[in-house]
Amino acid sequence: MKEIVIISGKGGTGKTSLTASFIQLAKNKVVAADCDVDAADLHLLLHPDFDQRKDFYSGYKAKIDADTCIQCGKCAEKCRFDAIDLIEEKHTINAISCEGCGYCAVICPTSSITMYDDLVGESYISEIGDGCKMVHASLHIGAGNSGKLVAHVKKTANDIANETNKDLVIIDGPPGIGCPVISSLTGANLVILVTEPSVSGIHDLKRVFALVKKFRIPCACIINKYDINFLKTRQIEEYLKEEGITHISNIAYRNSFSEALTQGKTILEYSDEQLIEKLKLSWQKIDSLIMNI
Amino acid sequence: MIVAIASGKGGTGKTTVSTNLLAYISTFQKVVLVDLDVEEPNSGLFLNATKTNEEDKFAMVPAWDENKCTNCGECQGHCNFNAIIQLGETIMIFPELCHSCFACSELCNENALPMVPQKIGTIRHYEKDNLTFIESRLKIGLEQSTSLIEQTKKYVNERFGKETLVIYDAPPGTSCPVIEATKNVDYVVLVTEPTPFGLHDLKLAVETMKLLGKDFGVIINRDGMGNKDLEEYCQKNHIPIITRIPNHRIIAKLYSEGKLIYKHSTELKRKFENIASHLISYPNLVEK
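Residues numbered from 1 in each chain as written. Chains lettered and ligands numbered in written order. Predicted model: local features only at pLDDT ≥ 70, side-chain atom pairs only at ≥ 80, totals over all residues. Heavy atoms only, no water.

**Quick look at the pattern of salt bridges**
Phase 1: Tallying each qualifying case throughout the model produces 29 salt bridges over all chains.
Phase 2: Here R254 of chain A ties to D272 of chain A by a salt bridge, and the two come within 2.9 Å at their closest N and O atoms. Note that R254 of chain A is positioned in the loop between strand 11 (246-251) and helix 9 (255-262) and D272 of chain A in the loop between helix 9 and helix 10 (273-291), a separation of 18 residues in sequence.
Phase 3: Here E158 of chain B ties to R159 of chain B by a salt bridge, and the two come within 3.6 Å at their closest N and O atoms. (Salt bridge = Lys/Arg side-chain N within 4 Å of Asp/Glu carboxyl O. Helix = DSSP H or I, 4+ residues; strand = E, 2+ residues; numbered from the N terminus.)

**As for the pairing of strand 10 (residues 216-223) of chain B**
Residue and element names in this part refer to chain B.
Phase 1: Of all 8 residues in strand 10, 6 are buried; the element is thus mostly enclosed.
Phase 2: What joins strand 9 (residues 187-192) to strand 10 is helix 6 (residues 196-212), and the crossover it makes is right-handed.
Phase 3: Relative to strand 11 (residues 241-246), strand 10 runs parallel, the two being bridged by 4 bridges. In the strand pairing of strand 11, V218 is matched with I241.
Phase 4: The handedness of the strand 10 to strand 11 crossover, carried by helix 7 (residues 229-236), is right-handed. (Buried < 20%, exposed > 50% of the residue type's maximum accessible area, 1.4 Å probe, protein only. Right-handed = clockwise from strand over helix to strand, strands pointing away. Pairing = 2+ DSSP bridges.)

**Digging into the interface of chain A and chain B**
Phase 1: Each partner contributes to the interface: chain A provides 59 residues, whereas chain B provides 55 residues.
Phase 2: Of the roughly 4700 Å² buried where chain A meets chain B, counting both sides, 57% is carbon and sulfur surface.
Phase 3: For E106 of chain B, the salt bridge is made with K78 of chain A, and the minimal N-O distance between the two is 3.4 Å.
Phase 4: Our count for the contact surface shared by chain A and chain B stands at 26 residue pairs in polar contact (both at pLDDT 80 or more).
Phase 5: Elements that contribute at least two residues to the side of chain A that touches chain B include exactly helix 1 (15-25), helix 2 (43-46), helix 4 (103-107), helix 6 (179-185), helix 7 (199-215) and helix 9 of chain A.
Phase 6: Tallied by class, residues from the side of chain A that touches chain B come to 27 nonpolar, 20 polar and 12 charged. (Contact = heavy atoms within 4.5 Å. Buried area = accessible area lost by both parts, 1.4 Å probe. Polar contact = N/O pair within 3.5 Å; in protein donor to acceptor, adjacent residues only side chain to side chain. Nonpolar A, V, L, I, M, F, W, Y, C, P; charged D, E, K, R; others polar.)

**Remarks on the side chain of K271 of chain B**
All names here are of chain B.
Phase 1: Within the secondary structure, K271 is located in helix 9 (residues 266-280).
Phase 2: Although buried, K271 forms no salt bridge, and the nearest oppositely charged side chain, E267, lies 4.5 Å from it.
Phase 3: Other than its neighbours up to four places away in sequence, K271 contacts T243, R244 and P246. (Lys, Arg positive; Asp, Glu negative; His and termini not counted.)

**Points about helix 10 of chain A**
Residues and elements named next belong to chain A.
Phase 1: Helix length check: helix 10 (19 residues) gives 27 Å between terminal C-alpha atoms against 27 Å at 1.5 Å per residue, within 8%.
Phase 2: Every buried residue of helix 10 is accounted for by L275, I276, L279, S282, W283, I286, D287 and I290. Buried residues of helix 10, seen end-on, are gathered within an arc of 140° and therefore sit on one face of the element. In helix 10, the exposed residues that point more than 90 degrees away from the buried face are E273, Q274 and Q284. (Expected span 1.5 Å × (residues − 1). Arc of directions from axis to C-beta.)

**Some words on the environment of S97 of chain A**
Phase 1: One can find S97 of chain A in the loop between strand 5 (90-93) and helix 4.
Phase 2: For the pair S97 of chain A and F81 of chain A, spaced 16 residues apart in the sequence, the C-alpha separation amounts to 6.3 Å.

**Some words on the environment of I23 of chain A**
Residue and element names in this part refer to chain A.
Phase 1: Tracing the backbone shows I23 in helix 1.
Phase 2: Exposure remark for I23: the relative accessible area of 3% places this residue in the buried category.
Phase 3: Taking the C-alpha atoms as reference points, I23 and K241, 218 residues apart in sequence, are found 27 Å from one another.

**What to know about helix 1 (residues 14-25) of chain B**
Phase 1: Between its first and last C-alpha, helix 1 of chain B extends 16 Å over 12 residues, near the 16 Å set by a 1.5 Å rise per residue.
Phase 2: Most of helix 1 of chain B sits out of view: 12 of its 12 residues are buried.

**Quick look at the confidence of the model for chain B**
Phase 1: Considering every residue of chain B, the mean pLDDT works out to 93; 98% of them sit at 70 or more.
Phase 2: As a predicted assembly, this complex carries a pTM of 0.90 together with an ipTM value of 0.87. (pLDDT = per-residue confidence, 0-100.)

**Some details on the packing of helix 7 of chain A against helix 8 (residues 230-243) of chain A**
Residue and element names in this part refer to chain A.
Phase 1: Relative to each other, helix 7 and helix 8 sit at 15°, their axes nearing to 11 Å. Here helix 7 lies roughly parallel to helix 8, going by the angle between them. With respect to the hand of their crossing, helix 7 and helix 8 are arranged in right-handed fashion. In this structure, helix 7 contributes V199, I202, L205, K206, F209 and K213 to the contact, and helix 8 contributes K232, Q235, I236, Y239 and E243.
Phase 2: Looking at the contact of helix 7 with helix 8 residue by residue, the class counts come to 6 nonpolar, 1 polar and 4 charged. (Axes fitted to C-alpha atoms, helices over the stretch in contact; angles between N-to-C directions. Parallel < 35°, antiparallel > 145°, perpendicular 65-115°, else oblique. Left-handed = near helix turned anticlockwise from the far one by under 90°.)

In structure tokens, the structure reads:
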């Protein structure tokens, strides 16, 4: 069983649209996973049935028992996160700012502070047709995006793939280069970078590749919207060659991307034959890459 | 006065809006832009200004003083982030997991865990006439976005008073870095696109703003693509639409070259005039 993670550094390059199509092209040998847990969108294209739902807890929050609290203020003194407010002269935990370190609970002279498990989101195992499962999740607003929920989604997808003899896990990765991305990369066999030929796209591509390089995972790249700027596309192609990143394909800017999306369809389900052909060729290349790793 | 430019979905045009707004406003008054998308700060690619300062920023993490340690292992017990582990007679520290709560250090009876600075990123400060640009950049591979964002805000607050217009280019999403970037601002502009992805993520962003008790308005970028669902959602929920930026290919081209767009046409200039006057005359902001 092998894992492909699709990331972009920069948001808005077309990562999720492409990932959805690749998952459909992989047909029944894949388990899909949406690791963009902060703003998950893959489900808008693949229409999972949200079948098995599970609460996800990660870390803690503090709680002050107002009845036993003597308002000494030692907790507020020690808190490094400004998470203890005085509301109507009572010391109260600000749940948004609280990071769950537990320091206040340790030093409270009356043991009035307890830590409780923080419910940060939920995860789902769904059916998406063709006998395929999709693992996805959503993080609650303001929750710490530490990568733990991403790790949970990945592990669940991997377990399902192993149990049901699927060859591949395809992961729609998170944007940026922070902990959720790091979490999505651990254990991956192939990373696909989706970029666009703009100064921002190139800047973010280089930053995300610097991260991937540390993990030493084989890497390939798709340049989306390549015809917006041919010069920058060439620049990216040269960069890919320099860094040993396999160039999968260049995809033209097509209204079909957003038109299909607006109808809740993947590109494969839409009527742009040229674009569908492009995606099939791209997938063939990715498929043969992963088979040889 | 502090305004954050945020979004739920990435790639909707936050940076396009913030850099063009900065450039436009700087033609008639002093204005500051702070790039708080510390994982991928790219506002600076669009601006030409002179660097006047550069500062490294640090997070405090524990270091193990083997000589003072009695191996009681209490530090491991205190840490809720698995950042400090007792392995036989060794105390191992994982600074990338540390949240800098200082519990292990301050509760150690032997003072065997002094807190030491670990570099997490760099702030670069640029100036040109009325325009100030401050970029904050996280070291690749690190996780402490929130701490760097907090320290960057502090840097800005130490230098600019409430009478200066400060714009934050926030990170995408709705999790802790976004909360840190927007929790103390006076107003939030949510940039979105009229597609199902845009609408889905806008709803998350709106929920976040309501949780934080922030006043906000929406800019619909790439107006003309997608459908009218997003516009209807805004109208139904009485969310002000500040302006609509059209879905013109020329904007994508200029953006791809790292160029500003507000001077390209009278129509675009008017859009940024609308945004600027909405912010500058916003009733609550005037009071504050």
